[in-house]
Amino acid sequence: MPVLSEVIAALDALWPPERAEQWDAVGTVCGDPDATVTRVLFAVDPVQEVVDEAVQLGADLLVTHHPLYLRGTTTVSAGTFKGRAVHTLIKNDIALHVAHTNADRADPGVSDALAGALDLRVTGPLVPDASDPAGRRGLGRICELDPPMSLADFAERAAKRLPATAQGIRVAGDPQRTVRTVAVCGGSGDSLFDEVRAAGVDAYVTADLRHHPASEAQQHSPLALVDAAHWATEWPWTEQAAAQLDEISDRHGWGLRTHVSRTVTDPWTAHAASSAHNH
Ligand SMILES: [Zn+2]
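Small disclaimer: the values here were computed from a predicted structure and weren't measured.

Conventions adopted
- Residues numbered from 1 in each chain as written.
- Predicted model: local features only at pLDDT ≥ 70, side-chain atom pairs only at ≥ 80, totals over all residues.
- Heavy atoms only, no water.
- Donors = N, O, S within 2.8 Å, 3.2 Å for Na, K, Ca; no water.
- Tetrahedral: all angles 85-135°; square planar, octahedral: opposite > 155°, others 65-115°.
- Helix = DSSP H or I, 4+ residues; strand = E, 2+ residues; numbered from the N terminus.
- Buried < 20%, exposed > 50% of the residue type's maximum accessible area, 1.4 Å probe, protein only.
- Lys, Arg positive; Asp, Glu negative; His and termini not counted.
- Salt bridge = Lys/Arg side-chain N within 4 Å of Asp/Glu carboxyl O.
- Pairing = 2+ DSSP bridges.
- Axes fitted to C-alpha atoms, helices over the stretch in contact; angles between N-to-C directions.
- Polar contact = N/O pair within 3.5 Å; in protein donor to acceptor, adjacent residues only side chain to side chain.
- Contact = heavy atoms within 4.5 Å.
- UniProt positions renumbered as here; feature names shortened; annotations may be inferred.

Engineer: What am I meant to see in the coordination of the zinc ion here?
Structural biologist: By definition of the ideal shapes, four donors in a tetrahedron about a metal sit 109.5 degrees apart, and six donors in an octahedron sit 90 or 180 degrees apart. Ligation of the zinc ion by protein atoms is provided by His-66 (NE2), His-230 (NE2), Glu-234 (OE) and Glu-234 (OE), these donors lying 2.1 to 2.2 Å from the ion. Coordination at the zinc ion is irregular: its four donor atoms span angles of 59 to 132° at the metal. Mapped onto the sequence, the residues coordinating the zinc ion show the spacing H-x163-H-x3-E. Residue His-66 is found in the loop between β3 (61–64) and α3 (81–91), and its partner Glu-234 is found in helix α9 (residues 230–252); the two are separated by 168 residues along the sequence. The same class applies to His-66 and to Glu-234, which are both buried.

Given below as structure tokens:
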């Protein structure tokens, strides 16, 4: 069985921490480098529900996409919700490791997993990483939809293939419009509208789209928008990441047991469709 430092070295090779954004907080939050690892749980959010799931499972390592602490802290008191998560993890000998924007920019990365879930063929990154001569790494992905389909059908596919959330899928644009090319960005993607427009795609799949950027994108050109729950757009990465660690474990004969959390940690819990008679 490997020790934590060996597993972390393997994860860092998949998602090199130096490729994370400057403002990000990736890497190991807690854990003993010499502790043996047998069971690993992958999840999007390091919230208490997921930490409790790791305890139930007997996991030694929890790997999440979102950081527990993005900014500094002066307390891990169990009186705070983040401190409580730290206490639960340490009391149960569970390490926490974060791969955030370094996993976004990787090849394969978070948006490859999202494209895969939607059965899209990736042709390249939306924002190529200047430090990658092969041009495979970067933020977001540009994809082809084969065969092309209407925006309404594509949205149905997203609703079916992504994990279920209260939000479901929001769509902007003519539902009958044909979609052939798609840009995808797991997580909040409204900072990439300029790149999406430059790519000249028919549709953009991302999360957390706000009124003004979405409205301006619509005014600018007939770009269809498919907005899913933030958690749902990043969850496919947990399956991809677990499969990557399985492959490494097999290669080294580690015998690791990997698991993917299916707990919905999107904060939105209900959706009420508007009544047609509310004016
Ligand atoms: Zn995210």
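Engineer: How should the side chain of Arg-157 be read in this particular structure?
Structural biologist: The topology assignment puts Arg-157 in helix α6 (residues 151–161). No salt bridge is formed by the buried Arg-157. Its closest oppositely charged neighbour is Asp-119, at 4.2 Å.

Engineer: What should I look at first to understand the sheet that holds strand β4 (residues 95–98) in this one?
Structural biologist: Across a sheet, paired strands are connected by hydrogen bonds in the backbone, their directions being either parallel or antiparallel. Taken in spatial order, the five strands line up as β1-β4-β3-β2-β11 in an open sheet, and their pairing is mixed. Looking at strand neighbours, the two that pair on one side only are β1 (27–30) and β11 (257–260), the edges of this open sheet. If you compare each strand with its neighbour and ignore which way they point, the axes differ by 25° on average. Sheet topology places strand β2 (residues 39–43) next to β11; four bridges connect them, and they run parallel. Counterpart to Leu-41 in the pairing with β11 is His-259.

Engineer: For this particular structure, what's the right way to read the side chain of Thr-233?
Structural biologist: Its location among the elements puts Thr-233 in helix α9. For Thr-233, the side chain forms a polar contact with the main-chain oxygen of His-230, separated by 2.8 Å. Look past the residues within four positions of Thr-233 in its chain and what remains in contact with it is Val-110, Leu-114, Gly-186, Gly-187, Thr-206, Ala-207 and Ala-228.

Engineer: Is there a simple way to explain the UniProt feature "binding site: a divalent metal cation" (unreviewed entry) in the protein in this structure?
Structural biologist: Residues given the UniProt feature "binding site: a divalent metal cation" (unreviewed entry) here are His-65, His-66, Asp-104, His-230 and Glu-234. The annotated residues occupy 170 residues of the chain but converge on a single region, no pair of C-alpha atoms lying more than 13.5 Å apart. You can see His-65 is positioned in the loop between β3 and α3. With sequence-adjacent residues up to four places away left out, His-65 is seen in contact with Ala-43, Val-44, Val-98, Ala-99, His-100, Ala-103, Asp-104, Val-110, Glu-234 and Trp-237. Within polar-contact distance, the side chain of His-65 engages the backbone oxygen of Ala-99 at 2.9 Å. Glu-234 has contacts with Val-44, His-65, His-66, Val-110, Gly-186 and Gly-187, leaving out every residue within four places of it along the chain.

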